[in-house]
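Survey of secondary and tertiary structure
Now for the letters of each chain:
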Amino acid sequence: MSKDLHPTMDPTKMGSGRSIAVLTSGGDAQGMNAAVRATVRVGLYTGAKVYFVHEGYQGLVDGGDNIRPATWESVSMMLQLGGTVIGSARCKDFRSREGRMKAACNLVKLGITNLCVIGGDGSLTGANEFRTEWSGLLADLVRAGKITADEAKKSSHLNIVGMVGSIDNDFCGTDMTIGTDSALHRIIEVVDAITTTAQSHQRTFILEVMGRHCGYLALVTALACGADWVFIPEMPPDDGWDNHLCRRLADQRARGSRLNVIIVAEGAISRDGKPISSDKIKKLVTDSLGFDTRTTVLGHVQRGGTPSAFDRILGSRMGVEAVMALLEATPDTPACVVSLSGNQAVRLPLMECVQVTKDVTAAMAEGRFEDAIKLRGKSFENNWNTYKLLAHINPPDVKSNINVAIMNIGAPCAGMNAAVRSAVRMGIIQGHNMLAVHDGFDGLAHGQVEPINWTSVSGWTGMGGSQLGTKRTLPGKFMEDISQNIAKFNIHALVIIGGFEAYVGGLELVQAREKYEEMCIPMVVIPATVSNNVPGSDFSIGADTALNTITSTCDRIKQSAAGTKRRVFLIETMGGYCGYLATMAGLAAGADAAYIFEEKFNIKDLEVNVEHLLEKMKTTVKRGLVLRNENCNANYTTDFIFNLYSEEGKGIFDCRKNVLGHMQQGGTPTPFDRNFGTKMGAKSVLWVTEKLKECYRHGRIFANTPASACVLGMKKRALTFQPLADLKEDTDFEHRIPKTQWWLKIRPIMKILAKYNIQLDTSEHADMEHVIKKSTTLGN
């Protein structure tokens, strides 16, 4: 991020006298509507005129009624819809110069010189070509008498910004494209449903997912469901894979597994470039093993349905960044794509991204498969490496004689079991003996410790809650018993998976090292809580699942409010004192306000919100949605705000309230939480293994440095280990939250999208980066 040259510029006047057009092109993807909505509303907020281009490039060429002014209300109720409301079409006309001349003429006549394109790499390449030949097109139009020289002068330069909408996640340089997370939601729903029937009949299921040139969906699905095998175009299986596959399936059955799952990307190929179809695999398994085998081709189901919370937030944040990039562009700025890297908005030169995407295809065609995986980016590479390690049991011949204990602490959340499973399996692969501690520190104090093996964690990735059992109790009062049991069970390292209590408990164990030598062992805390309030990590396992639960509930409530008209719903979310869930759900569900502890508010602010809703009832959007974090204010309770709104809205709107409660902790984990938990669990055990080597002295383990007890967290763009002791300064222990929280910066976006006239800080903006240097550790 860098300081802008014009920090004093009023963002509400940035777009004054400018016009922006937004179009969606190519294959549709869930979340495109969120991007369109944000582009329209932020464009209008800056004072610009905004136009919809219906039916993609075809609408741009045909003009007329296809290019229409967009209003604030026209993008209402779009957020929760899949596909693209403004339509998309494959367009042959735009590929010809004649077609592009017509498109240029239509834009010039309306004074539009800023184009926001949401689509795949083909659509974005087309936009760049259009921009490059813009001045030539205008010269031809003037010569042909279609436009005047004056009109050409006013529209002398075309700015282009792209957002990548593609469920395949096949665009290099971006962590996640719009629609990928939602497609994974659809796939995992099917996998979960198929798993239950397959187990009943001891079947083998082959699932074919989309991805003609990119194996991202297949790879992440395989990670998230613990598949036995995955076929992806980037890395064809070695020669002799058919025998290897049959061996692996038979081996799994022999271990007592009742089902086998094989994931195939539609573009899967063998080393010699021949396609590997689901039918071919089915024939192989049936003929060689005689297993009852079924294939399911998911097809367009993956493109359908409502967008996930992640895709709505991604689309909304990218829409804001796209408008800023357009309005800040100069004739010398290269066309860019806006994207997220980790949790940061980034701008990347469009043609650099297109080039790397083409390089992947070239690498695959030339058989340079290792290069193809690397060019896909760090996130893809990490997914592949984690999958390879965890896919199949291959424990070393030599045991390490190390005992690693795993426990869950605090409230249960979705994804905890995925982290336990991958930690257990990674430990076994490293040659360690893995121990399960039941019921948290309580269980450790009372000796509820038992060995846990490869098969005992089968199928855990898709299970919600905590299979090990979890309690909020801190270790302080049991320290004597805990130290005795660490000695009794000969525990050499501890993996603690949980929320704020896991962090505080870890600190207490570190402090107890002075008194108890048994505590001098490597420890790692993996943040897992719906509240997302653990210091040292931007995200915690479980928060994405809770966010989707809140968002889908808000969708249903908004539907009810839209039917009855003039109704405002007040919804209370969990999160302790942390406003992450309320804020992000507010952005994902299109809330009018979200009250949180971190942003203090008083009676005047409540009054402003009521006035805002009274004004809103005069428009065509006669409904309101307000979120309140459970601990945002001790006096302004949910009941208080409900009563205030009810009284002040008398005769104009009525009010209803919902307290969502513990449903936010339940449910099956989302693909993100399964994948995140799997990566965190695996990485934590690899770190513990390294630390144990460092701390081995004279035949025993002795770890007492601050760096031997860490939190494994996601920070900006990487998974990092930070000593527990170092994080104390950044912790508000009274309110159980970190003192600095990245997501507070995106709260203004929610307010702008709800039509509050606030100042957006444009002094910090995403600089143009270069793809080649970019690396990130967390894709979905």
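A brief report on the enclosed structure follows. Starting from 1, residues in each chain are numbered consecutively following that chain's sequence as written. Only residues with pLDDT of at least 70 get local features here, since the model is predicted, and only at 80 or more are side-chain atom pairs given and counted; chain-wide, interface and lining totals rely on the full set of residues. Side-chain figures throughout are based on the complete set of non-hydrogen atoms in the structure, without hydrogens or water.

The next point concerns the environment of glutamine 344. If you trace the backbone, glutamine 344 turns up in strand S12 (residues 344–349). Taking C-alpha positions, glutamine 344 is 15 Å from methionine 324, a pair spaced 20 residues apart along the chain. Secondary structure elements follow DSSP: runs of H or I no shorter than four residues count as helices, runs of E no shorter than two count as strands, and numbering proceeds from the N terminus.

Our next topic: the sheet that holds strand S7 (residues 204–209). In short, DSSP must find at least two bridges between two strands for them to pair. Strand order in the open sheet made by the four strands is S8-S9-S7-S10, with parallel pairing throughout. Of all the strands in the sheet, just strand S8 (229–231) and strand S10 (293–297) have a single pairing partner and so form its edges. When strand polarity is set aside, the average angle formed by the axes of neighbouring strands in this sheet is 15°. Pairing geometry for S7 and strand S9 (residues 260–265), over six bridges, is parallel. Considered in S9, the bridge of leucine 207 is made with isoleucine 263. Whether two residues touch is decided by their heavy atoms; if any such pair falls within 4.5 Å, the residues are in contact. Note on geometry: axes are lines fitted to C-alpha atoms, helical ones only across the stretch in contact, with angles between N-to-C directions running from 0 to 180 degrees. Along the sheet face, helix H7 (residues 180–201) touches S7 and S10 and points at about 165° away from the line of S7. The sheet contacts of helix H9 (residues 241–254) involve S7, S8 and S9, and relative to S8 the element is tilted by about 150°.

The subject of this paragraph is the pairing of strand S2 (residues 19–24). Counting buried positions along S2 yields six of six residues, so the element is predominantly enclosed. The alternating pattern of S2 places Ser19, Ala21 and Leu23 on one face and Ile20, Val22 and Thr24 on the opposite face, and all of these are buried. Alignment of S2 against strand S3 (residues 49–53), held across five bridges, turns out to be parallel. Bridge assignment links isoleucine 20 to a residue of S3, and that residue is valine 50. By convention a crossover is right-handed if, when the strands point away from the viewer, the path from the first strand over the helix to the second runs clockwise. Viewed along the sheet, the connection from S2 through helix H1 (residues 32–45) into S3 turns out right-handed. When S2 meets strand S5 (residues 114–119), the two strands line up parallel, connected through five bridges. Note that in S5 the partner of threonine 24 across the bridge is isoleucine 118. In this scheme, a residue with accessible area under 20% of its type's maximum is buried, one over 50% is exposed, and one in between is partly exposed, where area comes from a 1.4 Å probe on protein chains only.

Grouped together as the largest cluster of nonpolar side chains are 166 residues, with contacts concentrated most on Phe231, Ile262 and Ile263. The element that contributes the greatest number of residues to this core is helix H11 (residues 309–328), accounting for eleven residues. Here, nonpolar core refers to any group of buried Ala, Val, Leu, Ile, Met, Phe, Trp, Tyr and Cys residues whose side-chain atoms link them within 4.5 Å. The next biggest cluster of nonpolar side chains, apart from the first, holds 39 residues, and it includes Ile67, Met101, Leu124 and Ala152.

At a minimum axis distance of 7 Å, the contact between H1 and H11 shows a crossing angle of 35°. Where H1 crosses over H11, the handedness of that crossing is right-handed. Across the interface between the two elements, Ala34, Ala35, Ala38, Thr39, Val42 and Gly43 from H1 touch Asp311, Arg312, Gly315, Ser316, Gly319, Val320, Val323 and Met324 from H11. Polar here means any residue other than Ala, Val, Leu, Ile, Met, Phe, Trp, Tyr, Cys and Pro, which are nonpolar, and Asp, Glu, Lys and Arg, which are charged; Gly is therefore polar. Across the contact of H1 with H11, the residue classes break down as seven nonpolar, five polar and two charged. Crossing handedness is read from the near helix: turned anticlockwise from the far helix by less than a right angle, it gives a left-handed crossing, and turned clockwise, a right-handed one.

A separate point is the packing of H11 against helix H20 (residues 580–589). One way to put it is that H11 packs onto H20 with a least axis distance of 8 Å and a crossing angle of 75°. With respect to each other, H11 and H20 are oriented roughly perpendicular. Across the interface between the two elements, Ala309, Arg312, Ile313, Ser316 and Arg317 of H11 pack against Met584, Leu587, Ala588 and Ala589 of H20. When its residues are assigned to classes, the contact of H11 with H20 shows six nonpolar, one polar and two charged. Oblique is the label for any angle not under 35 degrees, not over 145, and not in the 65 to 115 range, which are roughly parallel, roughly antiparallel and roughly perpendicular in turn.

Once that is clear, we can look at the side chain of threonine 678. Relative to the assigned elements, threonine 678 resides in helix H23 (residues 671–694). In this structure, threonine 678 is in contact with Leu223, Thr386, Leu390, Ala418, Ser422 and Thr461, ignoring residues within four places of it in sequence.

To continue, consider the sheet that holds strand S20 (residues 593–595). One key point about sheets: their strands pair by backbone hydrogen bonds, in either a parallel or an antiparallel sense. Pairing in this open sheet of four strands is parallel, and the strands run S20-S21-S19-S22 from one edge to the other. The open sheet has two free edges, formed respectively by S20 and strand S22 (654–659), since each of these has just one partner strand. Recorded for the sheet is a direction-independent mean angle of 20° between the axes of neighbouring strands. Here S20 runs beside strand S21 (residues 623–629); their pairing, made up of three bridges, is parallel. Looking at the pairing, alanine 594 lines up with leucine 627 of S21. The strands that helix H22 (residues 638–648) touches are strand S19 (567–573), S20, S21 and S22; relative to S22, the one it contacts most, it runs at about 165°.

Within a regular strand, the side chains alternate between the two sheet faces. Among the seven residues in strand S13 (residues 403–409), seven count as buried, and that is most of the element. Neither face of S13 is left uncovered, since the one carrying Asn403, Ala405, Met407 and Ile409 and the one carrying Val404, Ile406 and Asn408 both have all their residues buried. When S13 meets strand S14 (residues 433–437), the two strands line up parallel, connected through four bridges. The residue bridging asparagine 403 from the neighbouring strand is asparagine 433, located in S14.

What follows concerns a positive patch on the surface. Residues Arg90, Lys92, Arg95 and Arg212 make up a contiguous surface patch of positive charge. Among the secondary structure elements, arginine 90 is positioned in the loop between strand S4 (67–69) and helix H3 (97–110). You can call arginine 90 exposed: its relative accessible area is 67%. Patch building starts from residues that exceed 30% relative accessible area and form no salt bridge, then joins like charges within 9 Å and nonpolar side chains (Val, Leu, Ile, Met, Phe, Trp, Tyr) within 5 Å. Calculation of accessible area relied on Shrake-Rupley with a 1.4 Å probe; when residues are assessed, cover is drawn exclusively from the protein chains displayed. For this analysis, a salt bridge means a side-chain nitrogen from Lys or Arg found within 4 Å of a carboxyl oxygen belonging to Asp or Glu. Note on charges: Lys and Arg go in the positive column, Asp and Glu in the negative column, and His and the chain ends are not counted at all. Charge positions come from single atoms, namely NZ of Lys, CZ of Arg, CG of Asp or CD of Glu.

Turning our attention to the pattern of salt bridges. Any two side chains of opposite charge can pair, on the condition that their charged atoms come close. Taken as a whole and assessed by the stated rule, the structure comprises 39 salt bridges. Residue arginine 368 is joined to glutamate 366 by a salt bridge in which the shortest nitrogen-to-oxygen separation is 3.0 Å. If you follow the salt bridges from partner to partner, you end up with Arg97, Arg100, Glu129, Glu133, Asp140 and Arg143 in one network.

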